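Per-entry structural report
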Amino acid sequence: MGCGGKRSGMLAVVMLWWSFVITTATTTTRAAANWTLTGGNDTVMPVGGSVPGGVYSDLLAAGVLDQGDIYYRYNDLDYRWVSKSNWTYSTQISVDSSLLSHSRVALIFDGLDTAAEIVVNSQTVGYSDNMFVRYAFDVKDQLQEGDSNTLEVKFESPVEYATRKYDIQAEDYEVPPKCVDAAFKGECHANHIRKMQASFSWDWGPAFPNLGIWKDWHLVGWDSMLVTDVYFSATPTSDLPSRPDASFRPGWNITVKVWCDASVESGEVEGSLTLSLGDIYTVKKPITANVENYEAVLESNFTVDENQVDMWWPNEYGAQPLYPLTASWSDAAQVETSTKTVRVGFRTVELNQDYIDSSNTSLGRYYRMKVNNVVMFMKGSNWIPAHILPEYVTPGYTRYLLRMAADAHQNCMRVWGGGIYESDIFYETADELGILIWEDMMFACSMYPVDDAFLSSVTAEVITQVRRLQHHPSILLWAGNNENEGALRDDWYGTSTNFDQYKADYIKLYVETIRPVTLENDDTRPIIVSSPSNGLESEEEGYIAENPGSTKYGDVHYYNYYMDAWKGEGFPRARFASEYGFQSWPSFKSMRDVTVEEDWSSTSAMSYHRQHHPLGQEELALQVGLHLVTPQEDGSAASYQHYIYVTQIHQAMAVKMETEFYRRWMSSITEDGEGYTSGALYWQLNDVWQGASWASVELGGRWKMLHYYSKNFFAPVITSLYMTEEDVKVYVVSDLIDDIQTANLNIELHRYDEFEPKLVISSDISVEGQTASEALSLSIWNDLHIDTHCQHSLYDPVDVCFVTSNLTVADSATIVPDNFYFLGKPKDAPLVHAQVKVNSVSGPVVSSGGNWTFTVQVTSDAVALFVWMETDSPGYFSQNGFIMTQPSVDVLFYAGQEITSGELESSLTVTCLTDTYPSRSHTQEESHDMKDRVFHPNDLNNVIFL
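Residues numbered from 1 in each chain as written. Predicted model: local features only at pLDDT ≥ 70, side-chain atom pairs only at ≥ 80, totals over all residues. Heavy atoms only, no water.

**Some remarks on the overall build of the chain**
Spelled out, the test is: Secondary structure elements follow DSSP: runs of H or I no shorter than four residues count as helices, runs of E no shorter than two count as strands, and numbering proceeds from the N terminus. To get the radius of gyration, use the C-alpha atoms; to get the globule rule, take the number of residues to the power 0.38 and multiply by 2.2 Å. Burial here depends on accessible area, computed with a 1.4 Å probe over protein chains only, as a share of the maximum for the residue type. Under 20% is buried, over 50% is exposed, and the range in between is partly exposed. Any two residues having at least one pair of non-hydrogen atoms within 4.5 Å are treated as being in contact.
The secondary structure content of the chain amounts to 20 helices and 46 strands. Relative to its length of 946 residues, the chain is compact, with a C-alpha radius of gyration of 29 Å against a globular reference of 30 Å. Dimensions along the principal axes, computed over C-alpha positions, put the chain at roughly 95 × 65 × 65 Å. Counting every position in the chain, which comprises 946 residues, the buried fraction comes to 62%. Contacts spanning at least 24 positions in sequence make up 72% of the contacts within the chain whose residues lie at least 6 apart.

**Quick word on unusual backbone geometry**
Omega for the peptide link from serine 531 to proline 532 comes to 0°, which places this bond in the cis form. Among the secondary structure elements, proline 532 is positioned in the loop between strand E29 (527–528) and helix H11 (536–540). Each neighbour pair has its own omega, and for glycine 843 with proline 844 the value is 15°, a cis peptide bond. Structurally, proline 844 can be placed in strand E40 (residues 836–846).

**With respect to the pattern of salt bridges**
What counts is decided by this rule: Take a side-chain nitrogen of Lys or Arg and a carboxyl oxygen of Asp or Glu: if they are within 4 Å of each other, that pair is a salt bridge.
Applying the stated criterion across every chain, the model contains 36 salt bridges. As a salt-bridge pair, glutamate 432 and arginine 399 come within 2.9 Å of each other at their nearest N and O atoms. A residue pair is termed long-range when its members are at least 10 positions apart, and glutamate 432 in helix H7 (residues 424–433) and arginine 399 in helix H6 (residues 395–407) qualify at 33 residues. The class of glutamate 432 is partly exposed, set by a relative accessible area of 26%. A salt bridge links aspartate 735 to arginine 663, with the nearest nitrogen and oxygen atoms 2.7 Å apart.

**Observations regarding a nonpolar patch on the surface**
The line we're drawing: Like-charged residues are merged into a patch within 9 Å and nonpolar side chains (Val, Leu, Ile, Met, Phe, Trp, Tyr) within 5 Å, provided each residue has over 30% relative accessible area and no salt bridge. Each accessible area is a Shrake-Rupley estimate made with a 1.4 Å probe; only the visible protein chains count as cover when residues are assessed.
Residues Tyr562, Leu615 and Leu622 make up a contiguous nonpolar surface patch of about 320 Å² in total accessible area. A residue is classified by how much of its surface remains accessible, and tyrosine 562, at 54% relative accessible area, is exposed.

**Observations concerning the state of the cysteines**
Between two cysteines, a covalent bond joining their sulfur atoms is known as a disulfide. Note the following rule: We call a pair of cysteine sulfur atoms a disulfide when they lie within 2.5 Å.
Under the counting rule described, the total for this entry stands at two disulfides. Here cysteine 179 connects covalently by a disulfide to cysteine 188, the sulfurs 1.9 Å from one another. An S-S torsion of about -75° defines the bridge between cysteine 179 and cysteine 188 as left-handed. You can call cysteine 179 partly exposed: its relative accessible area is 34%. Judged by its relative accessible area of 22%, cysteine 188 is partly exposed. One disulfide bridge connects cysteine 790 with cysteine 801, the sulfur atoms lying 2.0 Å from each other. In this structure the cystine formed by cysteine 790 and cysteine 801 twists about its S-S bond by roughly -115°; its chirality is therefore left-handed. A residue pair is termed long-range when its members are at least 10 positions apart, and cysteine 790 in the loop between helix H17 (786–789) and helix H18 (797–800) and cysteine 801 in strand E38 (residues 801–809) qualify at eleven residues.

**Describing the sheet that holds strand E24 (residues 374–376)**
Short version of the rule: At least two DSSP bridges between two strands are needed for those strands to be called paired. Interaxial angle, 0 to 180 degrees, is taken between N-to-C directions of lines fitted to C-alpha atoms, where a helix line uses only the stretch in contact.
Strand order in this open sheet of three strands is E22-E23-E24, and the pairing throughout is antiparallel. Of all strands in the sheet, those with a lone pairing partner are strand E22 (349–352) and E24, marking the two edges. Neighbour to neighbour, the strand axes of the sheet diverge by 35° on average, direction disregarded. Note that E22 and strand E23 (residues 368–371) share four bridges and pair antiparallel.

**Points about helix H16 (residues 705–713)**
Of all nine residues in H16, seven are buried, a share of seventy percent or more. Taken together, the buried positions of H16 are Met705, Leu706, His707, Tyr708, Tyr709, Ser710 and Phe713.

**Remarks on the sheet that holds strand E45 (residues 888–895)**
The antiparallel open sheet is built from four strands, whose spatial order is E40-E41-E45-E43. On the outer flanks of this sheet lie E40 and strand E43 (875–877), each paired with one strand and no other. Within this sheet the neighbouring strands show an average axis-to-axis angle of 20°, counted without direction. Pairing of strand E41 (residues 852–860) with E45, which is carried by eight bridges, proceeds in the antiparallel orientation.

**Quick notes on helix H5 (residues 158–170)**
Under the convention used in this document: Every helix has an expected span of 1.5 Å times one less than the residues it contains. Along the arc lie the directions from the helix axis toward the C-beta atoms. The term polar contact refers here to a pair of N or O atoms within 3.5 Å; inside protein, the definition further demands a hydrogen-donor-capable atom paired with an acceptor-capable atom, and it admits residues adjacent in sequence only when both atoms are side-chain atoms.
Taking 1.5 Å per residue, 13 residues should reach 18 Å; H5 reaches 18 Å between its end C-alpha atoms and fits that length. Taken as a whole, H5 has its buried residues at Pro158, Val159, Tyr161, Ala162, Tyr166 and Gln169. For H5, the arc enclosing every buried residue in end-on projection is 165°, short of the 170-degree limit, so these residues lie on one face. Tucked inside the fold, the buried residues of H5 contact helix H3 (80–83) and strand E12 (200–202). Measuring from the backbone nitrogen of valine 159 back to the side-chain oxygen at the start of H5 gives 3.3 Å, which picks out serine 157 as the cap.

**A closer look at the pairing of strand E17 (residues 266–277)**
In this structure, E17 lies alongside strand E18 (residues 281–292), joined through twelve bridges in antiparallel fashion. Looking at the pairing, serine 266 lines up with glutamate 292 of E18. Of the pairings in the sheet, the one linking E17 to strand E20 (residues 323–331) comprises seven bridges and is antiparallel in character. Within E20, the residue paired with leucine 277 across the bridge is leucine 325.

**A look at the confidence of the model for the chain**
Worth spelling out the cut-off: Values of pLDDT, the confidence the predictor places in each residue, fall between 0 and 100.
Overall, the prediction assigns the chain a mean pLDDT of 93, with 93% of residues at 70 or greater. Scored below 50 in pLDDT, residues 1–25 shows 76 contacts in the model against residues more than four places distant or in partner chains. Across residues 921–946 the pLDDT falls below 50, and counting only partners more than four positions away or on other chains, this stretch makes 53 contacts in the model.

**Focus on the packing of helix H15 (residues 637–664) against H16**
What counts, and what does not: These descriptions rest on fixed angle ranges, namely under 35 degrees for roughly parallel, over 145 for roughly antiparallel, 65 to 115 for roughly perpendicular, and the rest for oblique. Crossings are classed by handedness, with left-handed meaning an anticlockwise turn of the near helix from the far one by less than a right angle and right-handed meaning a clockwise turn.
Across the interface, H15 lies against H16 with an axial gap of 8 Å and an inter-helix angle of 25°. Here H16 runs roughly parallel to H15, going by the angle between their axes. Like other packed secondary-structure pairs, H15 and H16 cross with a definite hand, here right-handed. Every residue of H16 that contacts H15 at Tyr645, Gln648, Ile649, Gln651, Ala652, Met653, Val655, Lys656, Thr659, Glu660 and Arg663 is listed here: Met705, Leu706, Tyr709 and Phe713.

**Quick notes on the environment of glycine 54**
Tracing the backbone through its elements, the reader meets glycine 54 in the loop between strand E5 (44–49) and helix H1 (55–61). For glycine 54, a relative accessible area of 0% puts it in the buried group. Remark: the alpha-carbon pair of glycine 54 and glycine 902, spanning 848 residues in sequence, is separated by 42 Å. Setting aside residues up to four positions removed in sequence, glycine 54 forms contacts with Tyr89, Asn210, Leu211, Gly212 and Glu391.

The structure is reproduced here in structure tokens:
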């Protein structure tokens, strides 16, 4: 971002309010918000344009798109004409003589979406073809002094552009896929245009192929050099310990590179470079910059002594100290100055892929992350764009989503390769919260062309993004693509018909272009060719492994919608699970905002329209029906809400069981080399619209049940239960560095029709740090005695009881969430029709930070499963979707705005599983005997199973 002040020496500093990057230069001109948008095949009158922004949001603001909400009902289809039209943004620029007096004047765009012709005073100055490239167009010869300079950015329809590029390529050979699955309701050929791939639709989102000037722009004049990006490398001067130690403050060897845009095409430029690292280090030295193709790289090395800086740590391993690093270039006459400040952290990262046993290589390789020489289990999720229109994503919303991930104990997040390289605020927030970012390059689920023009565009893209992001301590690694190795090897799109060609293209793009360009601009962190991949094993097999999904190497993406996920076994014992998950629908409150009453059914046309995953509705019904009674469909809003509720139960439970499985295998390996799992990143954290998806947080920030469960299954210490043939296995998993010397483990056997546990097994244990170990193995017959405690005249004993676990640590600072396990299936259980209600709301307690916390007392007259509270008030609960095994539970509500206890109480609703069952008879309602209110199999006569 080149910004600056007048050549006379009066510097104007422009600081983008969402960024910690400051850039000053000699002269910067930016037009006011007086852009005009024209186009739409001449069917739309000129309207006001927003920069940064996009066509869809401008047409909504102007009332041309009159539904108000871009996501209302079928707008993704009804508004598709927008993306099939050409559009022009135009404005006028005032230019004075001081700007034109500079030797170079450039029009700089940080982001153009996507294919556009840039015209200044009716003269074409350049073209764009990549959403992710920073463009600098020389315009000195086209500008005139005065207020009447015209700037036009003429965008071509991205749909038509991609189709045209596909047709040209297909004259030689087809680069698949030709089109997305029809269930996506999308557009074709996203792989032939360098823009957000998901804007053409995905199986969790709509197609809104946007157009516009989506990032900032500047008109800059200068005579020397502009600082554009700052590279930072820090290597400790002494060996790091293998455990976090706040008192250990090593020295660091520092390398700083400063990338500059020069005013001359080639030659030498004299000047000086000033570097400062907070108040720790400052140096100014003369430099002769060597310029090639209008670019220069300035380099400086220095050392930070011991005890001068603290180390940066991932979330829950330590603090995240950040230090301002400022690079300032001055010309030889000290007239021009260009400055940029970034924040840096001191840490090391390593992707360890050593053989597990060098004497027995058949066991495979590790795939584990070491940060500051500490092996860490990566706990987290995958990130998709926070809105299909990037201009609608605010800094506050970005911070909120990342804060919610950190609060759920996440230390890693994968930025998925079909979206965008995220905003500066995203990575700055990750730096602050200690969330490591697995950064995919933006290539996903496709083959890609490799003609010279495409590779040139990709090279510029990688340079732009790697240089922009390199200094962030949160960036863990670069990954060349999402799932393209697997797509090629496993013949997703008929690639076997021309495999050698597609393999050569794959290597040319990712191995011979993206990887070397990335390493040239950032040699401080790992780069992997694909995700998932076998890592080094894939490379040794020529970059396309025979089995890219091997569990003995690399990372795995695993989805299975036909298994019984609640059992807690049967998942792959992968080295690293970088994608996995199950679907659910967002809350009724979210769906209500973009639908009408006729849409409120799981079988409505709208439900099938919003379900973009092929066979998604059928698979979701199958999964729900494995363990839960599918609610009756009677056309009411209540039955629709019950359907949404049970899909969220299933998602939360399935992801819970799969995540616990991966955590249980963190320190174990089978004889044939499966196990030593080192990461679990579920798909996905956030939603892009209101529809069926794998997200744990809905569009707008409301938590699904899954996100509440993720707070528990990602806790630093957990108990985890699962069942083999007739044994309940109880594991304790700890990410803590230190051992827990004294802890008390309690296992309780509960009946569904009684509050009091039938059996309590207590054991004093110690917990080894960074280890998952079996603490107990309990026979359901000999230890839990379910034949005695779980007798029922109508039910099998395994269907009558469930198990809970509680671990109490002597150190009260270590809180271990309670856990539970169903011996049978809830749909087969003798559930009592529990009457759950909100008994009282007290508070708020207002913290010094202005947080409003209320205490909500929930009561029940029977054991209640999946107790779920909702409110229209922004905020979230301390727990939700929980199992009530006692008559009263206190839950905290953290309000997102100032409200009263009365307002909160009046908006609260509470639901439990039996609320979704057929209504009780009058006799059952009147009964004071819980067993008279048990839900019997005969009550299923009127239940519709999908």
